[in-house]
Amino acid sequence: MTDIADLRPDRMLSVREVFGIDTDLQVPAFSERDDHVPEVDAVYRFNPDVTLAILAGFMRDRRVMVQGLHGTGKSTHIEQVAARLNWPCVRLNLDGHISRLDLVGKDAVVLREGKQVTEFQEGIVPWSLQRPVALVFDEYDAGRPDVMFVIQRILEQGGKFTLMDQNRVLHPHPFFRLFATANTVGLGNLNGLYHGAQRLNHAQIDRWNIVASLNYLPAGEEIAIVQARVPSLADDAGRQLVASMVAVADLTRKGFAAGDLSTLMSPRTVITWAENVEIFKDPALAFRLSFVNKCDDAERPLVAEYFQRCFDQELKESHQLSSGPHE
């Protein structure tokens, strides 16, 4: 990775001008873009409350966790704030294969002047800690316990990090920032939706200074996002189609909340559906390929009923309703 340890924010940006939020806050930013800065998504729509929480992390070195259901754009939200600040950002997914050695570092055999020598290679945590980097832990509640205790060391503001193998104590860079995203708030897989989510040590959750909640947007905003992502649906006819699609998604979310469905349509799924409509020119076929086939067989008739309510069109899965117990 490129060495960026000497970089410092060199300008202040108006939150009102950059993010369209009615506040006088100013946030530090970099003039130059580095390879680690995410690409700007010009059509991204910011949630004001979550944006302010993330900006507090950048401005005041707050440890910020963004919690919410899948597909709401938690990680993307942090990345898009970083992109507008030109702030280097590194995302790490805490899946079950990430080990303590991946985070901390390990001895590796390398070639030096034609000879094999063993030297210590820093993991992502010490590398980021010494640089003006926003380190984002994705799927924070899926991390293994040994990994989580490594992270706990740097959660304290100004927390030092000890490399025991090297007998070194690392001091955090003044512009190192730490974020996380999670589907739960450390309570585990209570409803069966997030397999692999762990119950987290409450002492660790307590170390996060700010916990922001990012859930599904109002229908009008979700429609605008889908139209921005799929420009071929940006006209009036496209808006009517997307409005019906978002209505179906909303019914699946209500069905999930009521316990009728074991899965739901996230905004990401709605965008995928819209993209597939662009390919197949058939909302029903695109719906089946984007969502229906992911559902349990027993739930497909109900999902087909949601589609029929919003599109006034029967899916082939609907015939199961007529032979079911509702008749």
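Data block above holds the structure.
So, here is what we can say about the structure in this document. Since this is a predicted model, take the numbers as computed values, not measurements.

Reading the values: the criteria
Residues numbered from 1 in each chain as written. Predicted model: local features only at pLDDT ≥ 70, side-chain atom pairs only at ≥ 80, totals over all residues. Heavy atoms only, no water. Core = buried A, V, L, I, M, F, W, Y, C linked by side-chain atoms within 4.5 Å. Buried < 20%, exposed > 50% of the residue type's maximum accessible area, 1.4 Å probe, protein only. Helix = DSSP H or I, 4+ residues; strand = E, 2+ residues; numbered from the N terminus. Axes fitted to C-alpha atoms, helices over the stretch in contact; angles between N-to-C directions. Parallel < 35°, antiparallel > 145°, perpendicular 65-115°, else oblique. Left-handed = near helix turned anticlockwise from the far one by under 90°. Contact = heavy atoms within 4.5 Å. Nonpolar A, V, L, I, M, F, W, Y, C, P; charged D, E, K, R; others polar. Phe/Tyr/Trp six-rings, centres within 6.5 Å; stacked < 30°, edge-to-face > 60°. 1 Å grid on protein atoms, 1.4 Å probe; cavity = no way out; pocket = protein on both sides within 12 Å on 5 of 7 lines; lining within 4 Å. Points joined across faces, edges and corners; volume = space filled by probe spheres on them.

## Digging into the nonpolar core
The biggest cluster of nonpolar side chains holds 32 residues, and the ones touching the most others in it are Leu94, Leu103, Phe137, Tyr140, Ile151 and Phe161. Residue assignment for this core shows that the elements contributing at least two residues are strand 4 (89-93), helix 4 (100-104), helix 5 (124-129), strand 7 (134-138), helix 6 (145-155), strand 8 (161-163) and strand 10 (177-182). The dominant element in this core, judged by the number of residues it contributes, is helix 6, at six residues. Within the second largest apolar cluster, 31 residues are counted, among which are Val226, Leu241, Phe287 and Val303.

## Topic: the packing of helix 8 (residues 219-229) against helix 10 (residues 267-280)
One can describe the packing of helix 8 onto helix 10 by two numbers: an axis separation of 10 Å at closest approach and a directional angle of 45°. Between helix 8 and helix 10, the angle falls in the class oblique. Helix-helix and strand crossings are classified by hand; for helix 8 and helix 10 the assignment is right-handed. Contacts between helix 8 and helix 10 pair Glu222, Ile225, Val226 and Arg229 from the former with Pro267, Val270, Ile271 and Ala274 from the latter. In terms of residue class, the contact of helix 8 with helix 10 is built from six nonpolar, no polar and two charged.

## Observations regarding the packing of aromatic side chains
Inspection of every chain in the model, using the stated rule, returns 13 aromatic pairs. On the numbers, 5.8 Å between centres and 45° between planes, the contact of Trp273 with Phe311 is tilted. Taken together, the positions of Trp273 in helix 10 and Phe311 in helix 12 (residues 300-311) put the pair 38 residues apart, joining distant regions of the chain. Assessed through its relative accessible area of 17%, Phe311 is described here as buried. Among the aromatic residues, ring-to-ring pairing joins Phe30, Phe58, Trp87, Phe175 and Phe179 into one connected group.

## Things to note about the layout of surface pockets
By volume, the largest pocket is sized at about 570 Å³. Lining the largest pocket are 29 residues; nearest its centre among them are Gly71, Thr72, Gly73, Lys74 and Thr76. Contributing elements (two or more residues each) for the lining of the largest pocket: helix 3 (74-85), strand 10, helix 8 and helix 10. Across the lining of the largest pocket, the residue classes tally to 10 nonpolar, 11 polar and eight charged.

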